[in-house]
Amino acid sequence: MWTVILVSGLVVALFSLLDIWYFVRAFSGVLRARLQPVVKDLLKEHMFSGVVLPHDLDFLLHMNNSRYLREADFARLSFFTRNGIFGALHSLGASMVMAACTARYRRSLRFMESFEIRTRLLCWDDKAFYVEQRFLAPKDGFVCAVLLSRQHVIGNCPDNVIQSMCKRKVESPEFPEEVNHWICFNDTNSQRLRAESGASNSTKDQ
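Here the structure is a predicted model, which is why all the values come from computation and not from measurement.

**Q** Give me the overall build of the protein: which residues, what numbers.
**A** The secondary structure content of the protein amounts to 6 helices and 5 strands. In sequence order, the secondary structure elements of the protein are arranged as α-α-β-α-α-β-β-β-β-α-α. Projected onto its principal axes, the C-alpha coordinates of the protein cover approximately 60 × 45 × 40 Å. Residues classed as buried in the protein amount to 35% of the 206 residues present. Summarising the internal contacts of the protein: among those between residues at least 6 apart in sequence, 70% fall at separations of at least 24. When the accessible surface of the protein is summed, it comes to about 12600 Å², and 59% of that surface belongs to carbon and sulfur atoms. The average position of the 25 basic charges and that of the 21 acidic charges among the side chains of the protein differ by 4 Å.

Dropping the structure here:
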């Protein structure tokens, strides 16, 4: 009897203090990606499917804007696992963190509506990978949301990661115009924030 109470209390405490479902989804997503065929084409688009569940909803019964970022996170985990970037980072003793993300919402996803996240690597520079993710409604192919993210490599550089994967040097594709504008926005914002805080220009963001 006391064992059941103790275990029940522990489960309640874990779900109250930690976002258990996040770790379950992330682990299962990576495991499923490992069991799927390797994507050898580095620039190939990756598809990750999902559905809007009750805990994804806001007061208007739409998918909450923060849930798009969460679902995109799971899709990127699968993407970087299948195309080998995570493996290359690990072999080089490096890691990767989100340095910037911009989301544009075009049409709401509603309760029990299915969606696909199309993830693709756009380009890279000496510090980061730039990734685009599109939320598509399968019923009509409409792009409901678009996310652009900067994945900063720590402990190495993207060129070495790509070279480790491909066994040769690979040049980044040309930067799309909107990515160049986005980078300029981030740089300008960083300069303003450093000026406001009195930090020197040598103090760089990720």
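Continuing now.
**Q** Tell me what's going on with the pattern of salt bridges, and back it up with residues and numbers.
**A** Within the structure shown, the criterion is met by 11 salt bridges. The partner of Lys-139 in a salt bridge is Glu-113, with the nearest N and O atoms 3.8 Å apart. With a gap of 26 residues between them, Lys-139 in the loop between strand S4 (128-137) and strand S5 (142-154) and Glu-113 in the loop between strand S2 (95-105) and strand S3 (114-124) connect regions that are remote in the sequence. When its relative accessible area of 66% is taken as the criterion, Lys-139 is described as exposed. Taking the relative accessible area as the measure of exposure, Glu-113 reaches 13% and is therefore buried.

Conventions used here
Residues numbered from 1 in each chain as written. Predicted model: local features only at pLDDT ≥ 70, side-chain atom pairs only at ≥ 80, totals over all residues. Heavy atoms only, no water. Helix = DSSP H or I, 4+ residues; strand = E, 2+ residues; numbered from the N terminus. Buried < 20%, exposed > 50% of the residue type's maximum accessible area, 1.4 Å probe, protein only. Contact = heavy atoms within 4.5 Å. Areas by Shrake-Rupley, 256 points an atom, 1.4 Å probe, with all protein chains shown as cover. Lys, Arg positive; Asp, Glu negative; His and termini not counted. Charge placed at Lys NZ, Arg CZ, Asp CG, Glu CD. Salt bridge = Lys/Arg side-chain N within 4 Å of Asp/Glu carboxyl O.

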